[in-house]
Amino acid sequence: MALAGRLSLIPSLGSKVCRTRRFLLNRTHRRGVVSCVDPSLGLSDEQKEFQKVAFDFATKEMAPYMAEWDQKEIFPVDTMRKAAQLGFGGIYVQPDVGGSGLTRLDTSLIFEALSTGCASTTAYISIHNMCAWMIDTFGNQEQRNRFCPDLCSMDRFASYCLTEPGSGSDAASLLTTAKLQGDQYILNGSKAFISGGGDTDVYVVMCRTGGKGAKGISCLVVEKGTPGLSFGKKEKKVGWNSQPTRAVIFEDCAVPVANLIGEEGQGFSIAMKGLNGGRINIASCSLGAAHACVLLARDHLTVRKQFGETLSNNQVRMVLVCADLSSLYRTASCILCFRLV
């Protein structure tokens, strides 16, 4: 569907939001609070099945431990490996190297469902998947065979290294250098705010092998334990503590030429193509967190009592809040689907 066609449908979303709100209020007066959030609407039977698997995993394996992971800053390696056994370690990686080979829409559905259990952990899983996809898509067959199977099983974990202390949105200005010396690249520089940094095993690094600008950037895979690779202290964050965040530092770090993904000068393109999908992944995680909030608010209305009755029976304003939340969730879900079409 062309962009103009997608945008022409947006006004109808507003009317659907209003109708949803009226529907929920009418149902509330008759039967109490109900939920109009059905994330399986419009999906194929296969999509409904793996969405259910993801929802069940989030409910049983993530949600009960989410608060503890955050409070104690636990990186839940064992739980993520259980998720990988369901195929969630390489969702859109090709099956010949251990991936599930699903579409981007399928991936979005899975991340949305997992995020109802823990958005922080799911966001890291989405980054890991992006790294595996980049190697699968742009790497040669030897690299795909060497890295992807262990990433898809989550026997090894990956981090994406683009952001630097002096270059965030302006990624083409990055300063980390990789100088070719014989059959190795010598890396010097640092990356900032790297999810999983220090705890992960494989670092997909954007670095400068050529001149200034985007065309001078290449992509290298750096493995943990490589001499010259070190990490900063764990960042203190408000939330999202189930994924550690650190600086990644390169000091005369020697990386084999065999770890170059794609060609020299292709790194910026690889990075941007990774982020194109990565942004959808993170949007899906946000949508899943919103979904969980709607359900928690709905459930609270049925148990919280004031003046001898539950809020669902005597607090119309509170019901309006849930109606608005549900409407916003549905609207956001529709817009995300348009982006994926």
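Heads up: the structure comes first, above all this text.
Draft legend 1. Just the nonpolar core, in detail. Within the largest apolar cluster, 56 residues are counted, with the highest numbers of intra-cluster contacts made by Leu114, Met134, Ile135, Tyr160, Leu162 and Met206. Broken down by element, the residue count for this core peaks at 11 residues, all from helix H6 (residues 119–138). Residues Leu187, Val222, Val248 and Phe250 belong to the second largest nonpolar core, which totals 16 residues.

Draft legend 2. Geometry of unusual backbone geometry. The backbone of Met154 sits at a positive phi, close to 60 degrees, despite the residue not being glycine. In this fold, Met154 is placed in the loop between helix H7 (141–152) and strand E1 (158–161). On the basis of relative accessible area, Met154 is assigned to the buried category, the value being 0%.

Draft legend 3. View of the pattern of salt bridges. Across all of its chains, the model carries 12 salt bridges by this definition. Put simply, Lys234 and Glu73 hold a salt bridge, and the shortest N to O gap is 3.7 Å. Residue Lys234 is found in the loop between strand E6 (229–231) and strand E7 (245–256), and its partner Glu73 is found in the loop between helix H3 (66–72) and helix H4 (77–85); the two are separated by 161 residues along the sequence. In this structure Lys234 comes out as partly exposed when scored by relative accessible area, which is 29%. Assessed through its relative accessible area of 25%, Glu73 is described here as partly exposed.

Draft legend 4. Quick look at the packing of aromatic side chains. Under the criterion given, the structure shown has 7 aromatic pairs. Residues Tyr124 and Phe157 carry aromatic rings whose centres are separated by 6.3 Å and whose planes lie at 50 degrees to one another, so their mutual orientation is tilted. Taken as a pair, Tyr124 in helix H6 and Phe157 in the loop between H7 and E1 lie far apart in primary sequence, 33 residues in all. Summarising the burial analysis for this pair, Tyr124 and Phe157 share the class buried. Pairwise contacts between aromatic rings join Phe75, Tyr124 and Phe157 into one cluster.

Draft legend 5. Broad picture of H7. Look at H7: 16 Å from first C-alpha to last across 12 residues, which is about the 16 Å you get at 1.5 Å a residue. The set of residues buried in H7 consists of Gln143, Arg144, Phe147, Cys148, Leu151 and Cys152. Viewed end-on, H7 has its buried residues packed into an arc of 120 degrees, placing them on one side of the element. The inward-facing, buried residues of H7 abut H4, H6, E1, strand E4 (202–208), strand E5 (217–223) and strand E8 (260–261). Capping the start of H7, Asn140 holds a side-chain oxygen 3.2 Å from the backbone nitrogen of Glu142, two or three residues further along.

Draft legend 6. Structural context of the layout of surface pockets. Looking at the largest pocket, its volume works out to about 500 Å³. Lining the largest pocket are 25 residues, with Ile127, Met130, Tyr160, Thr163 and Leu275 positioned closest to its centre. Of all the elements in the fold, those that place two or more residues in the lining of the largest pocket are H6, E1, strand E3 (184–195) and helix H8 (267–303). With 7 residues, the top contributor of residues to the lining of the largest pocket is H8. Class assignment of the residues belonging to the lining of the largest pocket gives a composition of 14 nonpolar, 9 polar and 2 charged.

Draft legend 7. Region of the structure containing helix H5 (residues 104–115). Helix length check: H5 (12 residues) gives 16 Å between terminal C-alpha atoms against 16 Å at 1.5 Å per residue, within 8%. Among the 12 residues in H5, 10 count as buried, and that is most of the element. Looking at H5, one finds that the buried residues are Asp106, Thr107, Ser108, Leu109, Ile110, Phe111, Glu112, Ala113, Leu114 and Ser115.

Conventions used here
Residues numbered from 1 in each chain as written. Predicted model: local features only at pLDDT ≥ 70, side-chain atom pairs only at ≥ 80, totals over all residues. Heavy atoms only, no water. Core = buried A, V, L, I, M, F, W, Y, C linked by side-chain atoms within 4.5 Å. Buried < 20%, exposed > 50% of the residue type's maximum accessible area, 1.4 Å probe, protein only. Helix = DSSP H or I, 4+ residues; strand = E, 2+ residues; numbered from the N terminus. Salt bridge = Lys/Arg side-chain N within 4 Å of Asp/Glu carboxyl O. Phe/Tyr/Trp six-rings, centres within 6.5 Å; stacked < 30°, edge-to-face > 60°. Expected span 1.5 Å × (residues − 1). Arc of directions from axis to C-beta. Contact = heavy atoms within 4.5 Å. Polar contact = N/O pair within 3.5 Å; in protein donor to acceptor, adjacent residues only side chain to side chain. 1 Å grid on protein atoms, 1.4 Å probe; cavity = no way out; pocket = protein on both sides within 12 Å on 5 of 7 lines; lining within 4 Å. Points joined across faces, edges and corners; volume = space filled by probe spheres on them. Nonpolar A, V, L, I, M, F, W, Y, C, P; charged D, E, K, R; others polar.

Geometric values such as these leave the question of function open.
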